[in-house]
Amino acid sequence: MVWTGTWVAERLGVELIGDEELPALLGLALRRNPKRAHLLVSSVLGKHVPQRPSVVYGAGLDLGRRVRALLGDEEAARAVVLGYAETATALGHTVADGLALAPYLHSTRRPVAGVARAGGFEESHSHATSHLLLPEDPKLLAGDGPLVLVDDEFSTGNTVLNTIRDLHERHPRERYVVVALVDMRSAADHDRLDAFAGEIGARVDLIARAAGTVRLPEGVLEKGRALVAEHEAVREPEAAPPAPAFVRARLDWPRDLPDGGRHGFTPEHRERLEAALPALATGAGEALRGSPGTGRVLVLGFEELMYAPLRLGTALEEAGHDVRYSTTTRSPVLAVDDPGYAIRTRLVFPAHDDPADGPGERYAYNVAGAGFDAVVLVVDSAADTPALHAPDGLLARLAEHVPHVVLAVIPSYAPGTAGTTSPVENGGADETPATATATATATEATEATEAPERSSMLPEPLRGPAFSSYAPDEVGWLLQDLSDVELEAPTEEREEAIQSGGAHYAESLPVEYQPSERYQELFHTALESSAARIARAVGTVTETVLAERAGTPVLVSLARAGTPVGVLMRRWARARHGLELPHYAVSIVRGRGIDANALRWLAAHHDPADVVFVDGWTGKGAITRELAEALKDFDGFDPDIAVLADPGSCVRTYGTREDFLIPSACLNSTVSGLISRTVLRPDLVGPDDFHGAKFYRELAGSDVSGAFLDAVAARFDEVAATVDTDVKELLAADRDPTWEGWAAVERISEEYGIHDVNLVKPGVGETTRVLLRRVPWKILAKRGADADLAHVRLLAEQRGVPVEEVDDLPYSCVGLIHPEYTRGATGADGKAVASQ
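Residues numbered from 1 in each chain as written. Predicted model: local features only at pLDDT ≥ 70, side-chain atom pairs only at ≥ 80, totals over all residues. Heavy atoms only, no water.

**Considerations on the overall build of the protein**
Inference 1: For the protein, the helix and strand inventory stands at 23 helices and 33 strands.
Inference 2: Buried residues in the protein amount to 60% of all 836 residues.
Inference 3: A separation threshold of at least 6 residues defines the contact pool for the protein, and within that pool the share at least 24 residues apart is 77%.
Inference 4: For the protein, the accessible surface area stands at approximately 31900 Å², while carbon and sulfur atoms represent 50% of it. (Helix = DSSP H or I, 4+ residues; strand = E, 2+ residues; numbered from the N terminus. Buried < 20%, exposed > 50% of the residue type's maximum accessible area, 1.4 Å probe, protein only. Contact = heavy atoms within 4.5 Å. Areas by Shrake-Rupley, 256 points an atom, 1.4 Å probe, with all protein chains shown as cover.)

The following block contains the structure:
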């Protein structure tokens, strides 16, 4: 028999080395993935390769029994089993079945409204990375008994390390057991896991059915990409899909029984399912009557919903049916119809469960051409949508290749809602989707508890290079793209409208300042002279955050001044600690608050307690107060802002309280990823939209965003020792805000007859903004602060704005916006204010 890894091995030189059993357990395929081109395809997992349900179930059951023997019954009864979505949800279930005494939970990529997040982590090599932990019982992961982590394979161990790190910081425990079908880590990865266990002071055991390594020749990633591109270019013509005729199975699913481990599955739940399986198999068997041919049946699960279809498959197998089992998946894999390749055929169809990360393709492998006479498609009720029944939906795609299609729907379980004892009625074999759906809807409406309302789904963050010049992993923008909307207005018109109350400053954009050659030289000179100083502040604020925040911080920068700082903090954490901190940018608008939809997205994808808001600097503290007020309506978020510089003494978490030149304040979009300031206007931003911003692609030739980041990051090693000293001193110091800056602003407002603190902009960063975006009246410069003010003096000179030297300023400078401005108003010198 040909090994199903032969095709890849011959073309790429990939070798599978290890236990004799490995070739029987694993085949090879290729996928379009920037991190790992090859895919290990399990023959006993039941994901990509249809397999007898008894084989799939038995593989996990055996591993679970080995865990119980390792732990002993007393410790097994204190354990919790955790599986990984989507691939290992059923494997984790079956390991828990073998362990018998422990509850089970699997991670999920489906946020559920009203369910608090108990943790999360990233899967570094996956095509979809964010995992959520959503137990119904918040105490499920809070105990100190052994935690058993189950995945289908270990390639590097990164996912396990991320999980343990996240959970151990919240709820330390003495023992972890890592379980997989195959352990394919390198020697270095073995050592890394051992070192990590020593670092956290816990015992970490590992149980696998087989072990080995994958030997990859040099250049395999590039060769794999080329091979995928070559074969994807040859696409088979698709026939017009027929109307998806199917029947519905009548399943008596027990009331209040979870459909899987998304919110927890206890030994008591397992007993109830075992008792119900014969009746469930009878319901599915009745729907299979009339299947032509030999009656070879595929039970096809749905993404994370793997365990219930698997157990239905084992029950049908025990009842005498010739059954295979597999599931649909998010993972895009190249299909090659060759006996030496693990993925022979691929069905492509649109997602049909309204996924949180938006629409996209989904896949079913090795179904077409496999000789199945019937398929039982098992989905939860959240996925029984019009998209499932559409002409290009999964039911139609299955009907192209399998003569008899059965749809079995299990009620979606959400904590606090009832399940159903009512069956879903069968439709006729030639029933149209519309009729079938109407029949089912009428039946469920009268006999079943209504499924919980699903939360509205917001779009995924915008990322470069499609939006911003930053790399896609540097920041995700929780904004909508308004690049094609004309939003810029002359500075004087904007100022008059803002001060007259005719418009809010966030309803339009200033014309982007195009720096002169002299000004650009000043920027680069300032960057060269201050890069180490900025690196020191970046390191100090990042280390302070890591020291004071439990779990893995999620950086949320306030767009746009905070975004370069968030990127630098992320780079510091990676360079010094190997941490990949999530980073997003959100909009906050003075007088209007923070983007509430962005907060809802964050709460759905991360624990709000992990969120750290990041800004560039503080002025008088208006945004600090704005954020604190806005967060009163949202549970769990900490209003403390981490800033690079806090000259106004407005926050507890900062890199420095000196008011010095931060070169990113010198420019606008060209040092901030080519993104405009944010926009909030009712005709553009609806109640379910993120705030907006523009991507100035046309300014790419002037972009210095990357140069700024690289120049600062290059000084990280140089300042590391100083940062360690600074942080120790800071953590021991009194850092409570004094609001010294706010008091100074109120004093200046009265002294200069402005009587509006919003027109007083303290600090180098805010003064620069006044000169670039507003109509300045005058600049107050602290005597002796010339080193940080060269660019301010140049801008003031270009705009005809006087600079007044003063003493006793807590800032290097303060910018005063022209009070009661109208076009034609004069400056302090009696002359009309110059436009940009």
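Next comes the rest of the description.
**A closer look at the sheet that holds strand E33 (residues 813-817)**
Inference 1: Ordered by their spatial adjacency, 4 strands build an open sheet running E30-E33-E31-E32, and the pairing between neighbours is mixed. In this open sheet, the two strands that pair with only one neighbour each are strand E30 (760-762) and strand E32 (803-806). Averaged over all adjacent pairs, the angle separating strand axes in this sheet is 20°, with direction ignored.
Inference 2: The sheet contacts of helix H21 (residues 740-751) involve E30, strand E31 (776-782) and E33, and relative to E30 the element is tilted by about 140°.
Inference 3: Helix H23 (residues 790-799) contacts E31 and E32 of the sheet and is inclined by roughly 150° relative to E31. (Pairing = 2+ DSSP bridges. Axes fitted to C-alpha atoms, helices over the stretch in contact; angles between N-to-C directions.)

**Concerning the confidence of the model for the protein**
Inference 1: Counting all residues, the mean pLDDT for the protein is 83, and 86% of those residues have values of 70 or more.
Inference 2: Counting contacts from residues 822-836, a segment whose pLDDT is below 50, to residues more than four positions away or on other chains yields 34 contacts. (pLDDT = per-residue confidence, 0-100.)

**A look at the packing of helix H6 (residues 158-170) against helix H7 (residues 187-200)**
Packed helices, taken two at a time, are described by their axes: the angle between them and the distance between them.
Inference 1: Interaxial distance between H6 and H7 falls to 11 Å at its minimum, and their mutual angle equals 5°. By the angle between their axes, H6 is roughly parallel relative to H7. Contacts between H6 and H7 pair Asn158, Leu161, Ile164, Arg165 and His168 from the former with Arg192, Leu193, Phe196 and Ile200 from the latter.
Inference 2: Split into classes, the residues belonging to the contact of H6 with H7 amount to 5 nonpolar, 2 polar and 2 charged. (Parallel < 35°, antiparallel > 145°, perpendicular 65-115°, else oblique. Nonpolar A, V, L, I, M, F, W, Y, C, P; charged D, E, K, R; others polar.)

**Brief notes about H6**
Inference 1: The terminal C-alpha atoms of H6 lie 19 Å apart, and with 13 residues this matches the ideal 18 Å at 1.5 Å per residue to within 8%.
Inference 2: Along H6, the residues classified as buried are Thr159, Val160, Leu161, Thr163, Ile164, Asp166, Leu167 and His168. (Expected span 1.5 Å × (residues − 1).)

**Examining the sheet that holds strand E27 (residues 641-645)**
Inference 1: Strand order in this open sheet of 6 strands is E18-E23-E22-E26-E27-E28, and the pairing throughout is parallel. Each edge of the sheet is formed by a strand with only one pairing partner; in this case those strands are strand E18 (476-477) and strand E28 (653-656).
Inference 2: Bridging between strand E22 (residues 554-558) and strand E23 (residues 583-586) involves 4 bridges; their strand directions are parallel. Paired with Leu555 across the two strands is His583, which belongs to E23.
Inference 3: Where helix H18 (residues 622-630) meets the sheet, it contacts E22, strand E26 (611-617) and E27, and its direction lies at approximately 170° from that of E27.

**Re the nonpolar core**
Inference 1: Core analysis: the largest hydrophobic core is formed by 133 residues, its most contacted members being Leu30, Val81, Val148, Tyr341, Val376, Leu377 and Leu398.
Inference 2: Ranked by the residues each element gives to this core, the list is headed by helix H9 (residues 267-288), at 8 residues.
Inference 3: Every residue in contact with Val148, bar those within four places of it in the chain, is listed here: Val67, Leu71, Ala79, Val80, Val81, Leu82, Leu99, Val177 and Val179.
Inference 4: Grouped together as the second largest cluster of nonpolar side chains are 74 residues, Val541, Ile675, Phe695 and Val727 included. (Core = buried A, V, L, I, M, F, W, Y, C linked by side-chain atoms within 4.5 Å.)

**Here we look at the packing of aromatic side chains**
For any pair of aromatic rings, the description consists of the separation of the ring centres together with the inter-plane angle of the planes.
Inference 1: Applying the stated criterion to the full structure yields 9 aromatic pairs.
Inference 2: Note on Tyr363 and Tyr365: the rings are 6.0 Å apart at their centroids and 10° apart in plane angle, and the pair reads as stacked.
Inference 3: Residue classification places Tyr365 among the buried positions, given a relative accessible area of 1%.
Inference 4: Among the aromatic side chains, those forming a connected cluster through ring pairs are Phe467, Tyr470, Trp477 and Phe695.
Inference 5: The positively charged end of Arg625 is found above the aromatic ring belonging to Trp739, 4.4 Å away from the centroid.
Inference 6: Directly above the ring of Trp777 sits Lys778, whose terminal nitrogen or CZ lies 5.0 Å from the centroid. (Phe/Tyr/Trp six-rings, centres within 6.5 Å; stacked < 30°, edge-to-face > 60°. Lys NZ or Arg CZ within 6 Å of the ring centre and 35° of its normal.)

**Here we look at the pairing of E31**
Inference 1: Across the 7 residues that make up E31, a large majority, 6, are buried.
Inference 2: Relative to E33, E31 runs antiparallel, the two sharing 5 bridges. Bridge pairing in E33 places Ile779 opposite Gly815.
Inference 3: In terms of strand pairing, E31 meets E32 through 4 bridges, oriented parallel. In the strand pairing of E32, Lys782 is matched with Val806.

**A short note on helix H10 (residues 307-318)**
Inference 1: The end-to-end C-alpha distance of H10, which contains 12 residues, comes to 16 Å, matching closely the 16 Å that a straight helix rising 1.5 Å per residue would cover.
Inference 2: The buried fraction of H10 is high, at 11 of 12 residues.
Inference 3: Burial in H10 covers these residues: Tyr307, Ala308, Pro309, Leu310, Arg311, Leu312, Gly313, Thr314, Ala315, Leu316 and Glu317.
Inference 4: Following H10 by one or two positions, Gly320 adopts a phi angle in the positive range, close to 105°.

**What to know about the pattern of salt bridges**
Inference 1: According to the stated counting rule, one finds 45 salt bridges in the structure shown.
Inference 2: For Arg747, the salt bridge identified is with Glu751, shortest N-O distance 3.5 Å. Of the two residues, Arg747 and Glu751 are both situated in helix H21; the distance of 4 residues between them amounts to about one turn of the helix.
Inference 3: Here Arg747 falls in the partly exposed class, since its relative accessible area comes to 41%.
Inference 4: Overall, the relative accessible area of 54% leaves Glu751 in the exposed class.
Inference 5: Connected through salt bridges with shared partners, the residues Asp473, Arg570, Arg574 and Glu580 form a single ionic network. (Salt bridge = Lys/Arg side-chain N within 4 Å of Asp/Glu carboxyl O.)

**Quick word on the packing of helix H16 (residues 562-577) against helix H19 (residues 705-713)**
Inference 1: Across the interface, H16 lies against H19 with an axial gap of 10 Å and an inter-helix angle of 40°. Overall, the two elements H16 and H19 adopt an arrangement that is oblique. Handedness of the crossing formed by H16 with H19: right-handed. Along its contact with H16, which presents Pro564, Val567, Leu568 and Arg571, the element H19 presents Phe708, Leu709, Asp710, Val712 and Ala713.
Inference 2: Taken together, the residues of the contact of H16 with H19 break down into 7 nonpolar, no polar and 2 charged. (Left-handed = near helix turned anticlockwise from the far one by under 90°.)

**Overview of the side chain of Ser483**
Inference 1: Take Ser483: it is sitting in the loop between strand E19 (480-481) and strand E20 (488-489).
Inference 2: On the basis of relative accessible area, Ser483 is assigned to the buried category, the value being 16%.
Inference 3: Of the polar contacts made by the side chain of Ser483, one reaches the backbone nitrogen of Phe695; its length is 2.9 Å.
Inference 4: Contact partners of Ser483, with chain neighbours within four places excluded, come to Ala693, Lys694, Phe695 and Arg697. (Polar contact = N/O pair within 3.5 Å; in protein donor to acceptor, adjacent residues only side chain to side chain.)

**What to know about the environment of Leu772**
Inference 1: Locating Leu772 in the fold gives a position in helix H22 (residues 764-773).
Inference 2: Given a relative accessible area of 1%, Leu772 falls into the buried group.
Inference 3: The sequence separation of Leu772 and Val511 amounts to 261 residues, and the corresponding C-alpha distance is 9.2 Å.

**A word on unusual backbone geometry**
Most of the time, phi is negative for any residue but glycine, and the peptide bond is trans.
Inference 1: Glu86 follows Ala85 through a cis peptide bond whose omega is -5°.
Inference 2: With an omega of 0°, the peptide bond running from Gly464 to Pro465 counts as cis.
Inference 3: Looking at the element boundaries, Pro465 is found in the loop between helix H13 (433-447) and E18.
Inference 4: Backbone geometry at Glu303 places phi at a positive 45°, although glycine is not the residue there.
Inference 5: Here Glu303 shows up in the loop between strand E12 (296-301) and H10.
Inference 6: With a phi close to 50°, Asp354 is a non-glycine residue in the positive phi region.

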